[in-house]
Amino acid sequence: MITTTYISQASESYSDEDLLKLLAQCHRNNTASGVTGMLLFGNTTFVQCLEGEQANVDELLVKIGADPRHTGIKVLRRAPIVARNFSEWTMGFEQVTKGALAEVPGLCNFGLGDFNPEYLESNPEMVETLLRWGRRA
Ligand SMILES: Cc1cc2nc3c(=O)[nH]c(=O)nc-3n(C[C@H](O)[C@H](O)[C@H](O)COP(=O)(O)O)c2cc1C
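Cut-offs used in this document
Residues numbered from 1 in each chain as written. Predicted model: local features only at pLDDT ≥ 70, side-chain atom pairs only at ≥ 80, totals over all residues. Heavy atoms only, no water. Helix = DSSP H or I, 4+ residues; strand = E, 2+ residues; numbered from the N terminus. Rg over C-alpha atoms; globule rule 2.2 N^0.38 Å. Contact = heavy atoms within 4.5 Å. Areas by Shrake-Rupley, 256 points an atom, 1.4 Å probe, with all protein chains shown as cover. Lys, Arg positive; Asp, Glu negative; His and termini not counted. Charge placed at Lys NZ, Arg CZ, Asp CG, Glu CD. Salt bridge = Lys/Arg side-chain N within 4 Å of Asp/Glu carboxyl O. Buried < 20%, exposed > 50% of the residue type's maximum accessible area, 1.4 Å probe, protein only. Pairing = 2+ DSSP bridges. Phe/Tyr/Trp six-rings, centres within 6.5 Å; stacked < 30°, edge-to-face > 60°. Lys NZ or Arg CZ within 6 Å of the ring centre and 35° of its normal. Near = heavy atom within 4 Å. Polar contact = N/O pair within 3.5 Å; in protein donor to acceptor, adjacent residues only side chain to side chain. Nonpolar A, V, L, I, M, F, W, Y, C, P; charged D, E, K, R; others polar.

Draft legend 1. Highlighting the overall build of the chain. What the chain contains, in helices and strands, is 5 helices and 5 strands. For the chain, the N- to C-terminal ordering of α and β elements is β-α-β-β-α-β-β-α-α-α. Relative to its length of 137 residues, the chain is compact, with a C-alpha radius of gyration of 14 Å against a globular reference of 14 Å. For the chain, the spread of C-alpha atoms along the principal axes amounts to about 40 × 30 × 25 Å. Long-range pairs, those at least 24 residues apart, make up 78% of the contacts in the chain with a sequence separation of at least 6. Total accessible area on the chain stands at roughly 7,300 Å², and carbon and sulfur atoms take up 52% of it. With 12 positive and 17 negative side-chain charges, the chain shows a spacing of 3 Å between the two charge centroids.

Draft legend 2. A look at the pattern of salt bridges. Overall, the coordinates contain 5 salt bridges when judged by the stated rule. Ionic pairing is found between Glu 94 and Arg 136, a salt bridge with its closest N-O pair at 3.2 Å. Here Glu 94 is found in strand E5 (residues 92-95), whereas its partner Arg 136 is found in the segment after helix H5 (124-134), with 42 residues between them in sequence. We note a salt bridge from Glu 103 to Arg 136, for which the minimum N-O separation is 3.9 Å. Linking Glu 103 in helix H3 (residues 98-103) with Arg 136 in the segment after H5, this pair joins segments that are 33 residues apart in sequence.

Draft legend 3. Broad picture of the pairing of strand E1 (residues 2-10). Buried residues dominate E1, accounting for 8 of its 9 residues. The pairing of E1 with strand E3 (residues 45-52) spans 8 bridges and is antiparallel. The residue of E3 that forms the bridge with Ile 7 is Val 47. Pairing geometry for E1 and strand E4 (residues 70-80), over 8 bridges, is antiparallel. Paired with Thr 3 across the strands is Ala 79, a residue of E4.

Draft legend 4. Examining the packing of aromatic side chains more closely. Inspection of every chain in the model, using the stated rule, returns 5 aromatic pairs. Taking 5.3 Å as the distance between ring centres and 85° as the angle between the ring planes, the aromatic pair formed by Tyr 14 and Phe 46 counts as edge-to-face. Pair noted here: Tyr 14 is in the loop between E1 and helix H1 (16-33) and Phe 46 is in strand E3, with a separation of 32 residues, a long-range link. The exposure class assigned to Tyr 14 is buried, which follows from its relative accessible area of 15%. Through pairs of rings, three or more aromatic residues link up here, namely Tyr 14, Phe 41 and Phe 46. Positioned over the ring face of Phe 86 is Arg 135, at 5.5 Å from the centre of the ring.

Draft legend 5. Geometry of the site of the ligand. Close contacts around the ligand come from 17 residues, with Asn 29, Asn 30, Gln 48, Asp 67 and Arg 69 the closest. Within the side chain of Asn 29, a nitrogen or oxygen atom sits 3.0 Å from an oxygen atom of the ligand. In the complex, the protein chains occlude 83% of the 620 Å² of accessible area that the ligand would expose alone. Sorting the residues of the shell around the ligand by element identifies H1, E3 and helix H2 (54-65) as the ones contributing at least two each. Looking at the shell around the ligand, its residues break down into 8 nonpolar, 5 polar and 4 charged.

Written out as structure tokens, the structure reads:
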């Protein structure tokens, strides 16, 4: 199995309905392909961690990479794994808001404006902290 985490920019503004539609698509397809993970969205930025059999994750990445709903996809991490971090989540989801960030343990000088590709790319430990927070429930 592999895990991969990428970051991207929303290319449109998302209503709650758009997000629900996207998540329904994730749950339906990921249940069938055995992919699990976490999607974070805030400040027009997506962070997504995908884990599963390499062929399934790569096939999904090709589909996600061609999706016009976001742009500038950049893979931050790709590694083999023996166990999943998100085994309970066909796709966990958290909206990153000012209020939500106040709940994240270990974040001091990180504001919503820092949830952007440039900052997160140069602060990968922050991405790990946020993904861990998403898994807390
Ligand atoms: C930020 C983002 C994350 C996505 N994550 C997933 C995902 O985890 N699983 C999935 O099947 N589709 C995901 N999609 C949607 C895919 O790009 C694609 O539209 C979908 O897999 C096509 O599904 P269909 O073949 O059932 O129409 C994501 C799209 C975006 C914009």
